[in-house]
Amino acid sequence: MDVKEKIKQIENQIEDTIKDIKSSQTLQEIKLKFLGKSGEISSLMKNMRDVPPEERPSMGKLLNALRQWTEEQFNKLESGLKSIELEKRYANEKIDVTMPGLDLPDGAYHPTTLVTKELINIFLGMGFEIFEGPEIENDYYNFTALNTPKDHPARDMQDTFYLSENLLLRTQTSSGQIRVMENKKPPIKILSPGKVYRSDDDATHSPMFSQMEMLVVDKGLTLCDLQGMLDEFVKRIFGRGVKTRLRPSYFPFTEPSVEVDVSCFECGGSGCRLCKGTGWIEVGGAGMVNRRVLEGCGINPDEYTGFAFGLGIERIAMLKYGINNMKLLFEGDTRFLKQFKG
Ligand code: FA5
């Protein structure tokens, strides 16, 4: 067949097939059939070898024009198909912003956080400021300045995690008392919540737990002021009917020292499993700040007195929510935690 005729035939063929192409994928296949390496146009070009040399330039021109025309046809169709396909995709992917959202489960505050927030609120309402000391403490603030020198037997009351000869994980938030009194002149009224660490581990003791320290230093404070404040605090956290009892105790940094008990809010004081039949539940330690501690911080103990109170936050959470194993507060089990939506 004459090349010109062949060209005409190809053009007609392209015009015919193009009409029925409905997707860019089919278009690619057809494009290969004509323009691919072994496609019809490329084969024609290869056949140029058989064309007499004098006809080659004009033939070459015709074939190049055919290739260019074919490419234009396909490109035009391709951009049309692509925009139709894109619109279809957009229509399918349309987002209905009025649809209700996915029902993701609500989070809840951890019981320890709930109690911490409640305690902070109570004390802020009484005019306390918050002080947060470091968790890595040195021996001086955790022990020595709290009237507990190196060979003091009271050091055995708390099993300490030492990081070096002088550095340790604080065993009590009482270390914050010293940091505050060193830097602030009375009147002082601070609340110091935070994590503390001890080598302790059973159903009511954890190696890492949270304490809240309360310290007040001013002129003329007595144990009665401490009891009055504890009474009010306990009523706000456990309920108006709950009473406070101070029991003699020992802490090197307070003199006198007391254990703070509250009347059992489960049985009202008649004795039950929660209070182990005693009618009372211990919530923390307290006392009048030892004059040696005040002196060490540059506060004249003849002019000022102070009282301090420290409690275990997990212990309060266990009492408040009737939790019988402290481990539950550290395991992060959502079946347990989701019961505490505050
Ligand atoms: C102290 O830590 C004193 N710093 C408290 C204090 C402050 C006394 C100010 C005087 C003046 P104690 O070691 O008793 O005291 O601990 C206080 C509370 O922390 C305890 O009543 C208990 O509720 C809690 N607690 C102690 N050890 C653990 C533990 N391993 N896990 C969880 N809670 C604990």
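Going along each chain's sequence as written, the residues are numbered from 1 onward. Thresholds applied to this predicted model are a pLDDT of at least 70 for local features of residues and 80 or more for the giving and counting of side-chain atom pairs; totals over whole chains, interfaces and linings are not thresholded and use all residues. Computation of side-chain values: all heavy atoms of the structure, hydrogens and water removed.

> It is not clear to me how the overall build of the protein chain should be interpreted in this structure. Could you clarify?
Note on conventions: DSSP H or I runs of at least 4 residues are helices, E runs of at least 2 residues are strands, and numbering of each starts at the N terminus. Counting its secondary structure elements, the protein chain contains 11 helices and 9 strands. Taking 2.2 N^0.38 as the reference for a compact globule, 342 residues should give roughly 20 Å; the C-alpha atoms of the protein chain span a radius of gyration of 42 Å, well beyond that estimate. By principal-axis analysis of the C-alpha atoms, the protein chain measures approximately 125 × 45 × 35 Å. Buried, partly exposed and exposed residues are distinguished by accessible area as a fraction of the type maximum, computed with a 1.4 Å probe on protein chains only: under 20%, between the cut-offs, and over 50%, respectively. Counting all 342 residues of the protein chain, 42% fall into the buried class. Two residues qualify as a contact provided that any one of their heavy atoms is within 4.5 Å of a heavy atom in the partner residue. For the protein chain, the share of sequence-separated contacts (at least 6 apart) that also reach a separation of at least 24 residues comes to 65%. Carbon and sulfur atoms make up 52% of the accessible area of the protein chain, which totals about 19300 Å². In this description the radius of gyration comes from C-alpha coordinates, and the expected globular size is given by 2.2 Å times residues to the power 0.38. In this description, accessible areas are obtained by the Shrake-Rupley approach with a 1.4 Å probe, and a residue is regarded as covered only by the protein chains that are shown.

> Before we go on, may I ask you to explain the side chain of glutamine 177 in this structure?
With respect to the helices and strands, glutamine 177 occurs in helix 7 (residues 175–183). What glutamine 177 contacts, discounting residues up to four positions off in sequence, is Leu146, Glu213, Leu215, Phe253, Val289 and Ala308.

> Just checking my understanding: could you explain the pairing of strand 4 (residues 188–197) for this structure?
Here is the key point about a regular strand: its side chains alternate between the two faces of the sheet. Of all 10 residues in strand 4, 8 are buried; the element is thus mostly enclosed. Two strands pair when backbone bridges link them, and strand 1 (residues 129–130) and strand 4 are joined in this way by 2 bridges, in the parallel orientation. When the sheet's bridge partners are listed, isoleucine 130 is paired in strand 4 with leucine 191. Strand pairing is assigned whenever DSSP detects at least two bridges linking the two strands. Sheet topology note: the strand 4/strand 5 (residues 208–218) ladder contains 10 bridges and is antiparallel. Across the sheet, residue serine 192 finds its bridge partner in strand 5, namely glutamate 213.

> Please explain a nonpolar patch on the surface as it appears in this structure.
The residues that make up patches have over 30% relative accessible area and no salt bridge, and they are joined within 9 Å when like-charged or within 5 Å when they are Val, Leu, Ile, Met, Phe, Trp or Tyr. Basic side-chain nitrogens of Lys or Arg form a salt bridge, by our definition, when they fall within 4 Å of a carboxyl oxygen of Asp or Glu. Together, Ile136, Leu163 and Leu167 make up an exposed nonpolar region whose accessible area comes to about 250 Å². Residue placement: leucine 167 occurs in strand 3 (residues 167–169).

> Help me understand the packing of aromatic side chains, please; the structure alone is not making it clear to me.
The description of two aromatic rings rests on the distance between their centres and on the angle between their planes. In this scheme Phe, Tyr and Trp rings, the latter by its six-membered ring, pair at centre separations within 6.5 Å, and the angle between planes marks the pair as stacked below 30 degrees, edge-to-face above 60, and tilted otherwise. Under the defined criterion, the tally for this structure stands at 8 aromatic pairs. Taking the centre distance of 5.2 Å and the plane angle of 80 degrees together, the rings of phenylalanine 123 and phenylalanine 128 count as edge-to-face. On the accessibility criterion, phenylalanine 123 (1% relative accessible area) is buried. Centroid distance phenylalanine 336 to phenylalanine 340: 5.1 Å. Interplanar angle 65 degrees. Geometry classified as edge-to-face.

> I would appreciate a short explanation of the environment of leucine 77 in the present structure.
Inspection of the secondary structure assignment puts leucine 77 in helix 4 (residues 56–92). Separated by 197 residues in sequence, leucine 77 and leucine 274 have C-alpha atoms that sit 82 Å apart.

> Explain the site of the ligand to me, please; I cannot follow it from the model alone.
Only heavy atoms are used to decide nearness, and a residue is near a molecule or strand if one of them lies within 4 Å of it. Close to the ligand lie 25 residues; Gln172, Ser174, Arg198, Ser206 and Gln211 are nearest. Here a polar contact means two N or O atoms within 3.5 Å. Within protein one must be a hydrogen donor candidate and the other an acceptor candidate, and residues neighboring in sequence count only if both atoms are side-chain atoms. The separation between an oxygen atom of the ligand and a polar side-chain atom of arginine 198 is 2.8 Å. Aspartate 200 places a polar side-chain atom, nitrogen or oxygen, 3.2 Å from a nitrogen atom of the ligand. The protein chains hide 94% of the 680 Å² of surface that the ligand would expose on its own. Of all elements in the fold, only strand 5, strand 8 (280–289) and strand 9 (305–312) reach the threshold of two or more residues within the shell around the ligand. Under this grouping Gly is polar, as are all residues other than the nonpolar Ala, Val, Leu, Ile, Met, Phe, Trp, Tyr, Cys and Pro and the charged Asp, Glu, Lys and Arg. Looking at the shell around the ligand, its residues break down into 7 nonpolar, 13 polar and 5 charged.

> Would you mind going over helix 4 with me for this structure?
In an α-helix, one turn spans 3.6 residues, which is why side chains three or four residues apart end up on the same side. Relative to the 54 Å expected for 37 residues at 1.5 Å per residue, helix 4 spans 53 Å between its end C-alpha atoms, a close match to the ideal helical length. Within the sequence span of helix 4, burial applies to Met59, Gly60, Leu63, Leu66, Thr70, Gln73, Phe74, Glu78 and Leu81. Among the structural elements, helix 1 (3–20), helix 2 (24–35) and helix 3 (40–46) are those in contact with the buried residues of helix 4. A helix's residues, less one, multiplied by 1.5 Å, set its expected span.

> Sorry if this is basic, but what is going on with the sheet that holds strand 4 here?
By definition, the strands of a sheet pair up through backbone hydrogen bonds, in either a parallel or an antiparallel sense. Read across the sheet, 7 strands follow the order 1-4-5-9-8-7-6 without closing on themselves; strand pairing throughout is mixed. Each end of this open sheet is capped by a strand with a single partner; those strands are strand 1 and strand 6 (244–251). Axis definition: a line fit to C-alpha positions, over the contact stretch in the case of helices; interaxial angles, taken between N-to-C directions, run 0 to 180 degrees. Contacts between helix 5 (residues 111–125) and the sheet are confined to strand 1, strand 4, strand 5 and strand 9, with strand 5 contributing the most and set at about 5 degrees to the helix. Contacts between helix 7 and the sheet are confined to strand 4, strand 5, strand 8 and strand 9, with strand 5 contributing the most and set at about 35 degrees to the helix.

> Would you mind going over the pattern of salt bridges with me for this structure?
Pairs can form between side chains of opposite charge whenever their charged atoms are close. Counting across every chain of the model gives 20 salt bridges. Residues lysine 19 and aspartate 16 are paired through a salt bridge, measuring 3.7 Å at the closest nitrogen-oxygen approach. With a gap of 3 residues between them, lysine 19 and aspartate 16 both fall in helix 1, about one helical turn apart. Classification of lysine 19 by relative accessible area gives exposed; the value is 58%. Via salt bridges that share partners, Arg245, Arg247, Asp261 and Glu282 belong to a single interconnected network.

> Help me out: how do you make sense of empty space enclosed by the protein in this one?
Unfilled space is identified by rolling a water-sized probe across the atoms. In this analysis, the protein atoms alone were mapped onto a 1 Å grid. Cavities are point sets where a 1.4 Å probe fits without being able to get out; pockets are open sets with protein on both sides within 12 Å along at least five of seven lines; lining residues have an atom within 4 Å of a point. Grid points are joined across faces, edges and corners, and a volume is the space filled by probe spheres set on the points. What the rule picks out here adds up to 1 cavity of 30 Å³ or more. In this structure, the largest cavity encloses a volume near 50 Å³. Taken together, Phe143, Thr148, Ala154, Met157, Gln158, Gln172, Phe251, Pro252 and Phe253 make up the full set of residues lining the largest cavity.

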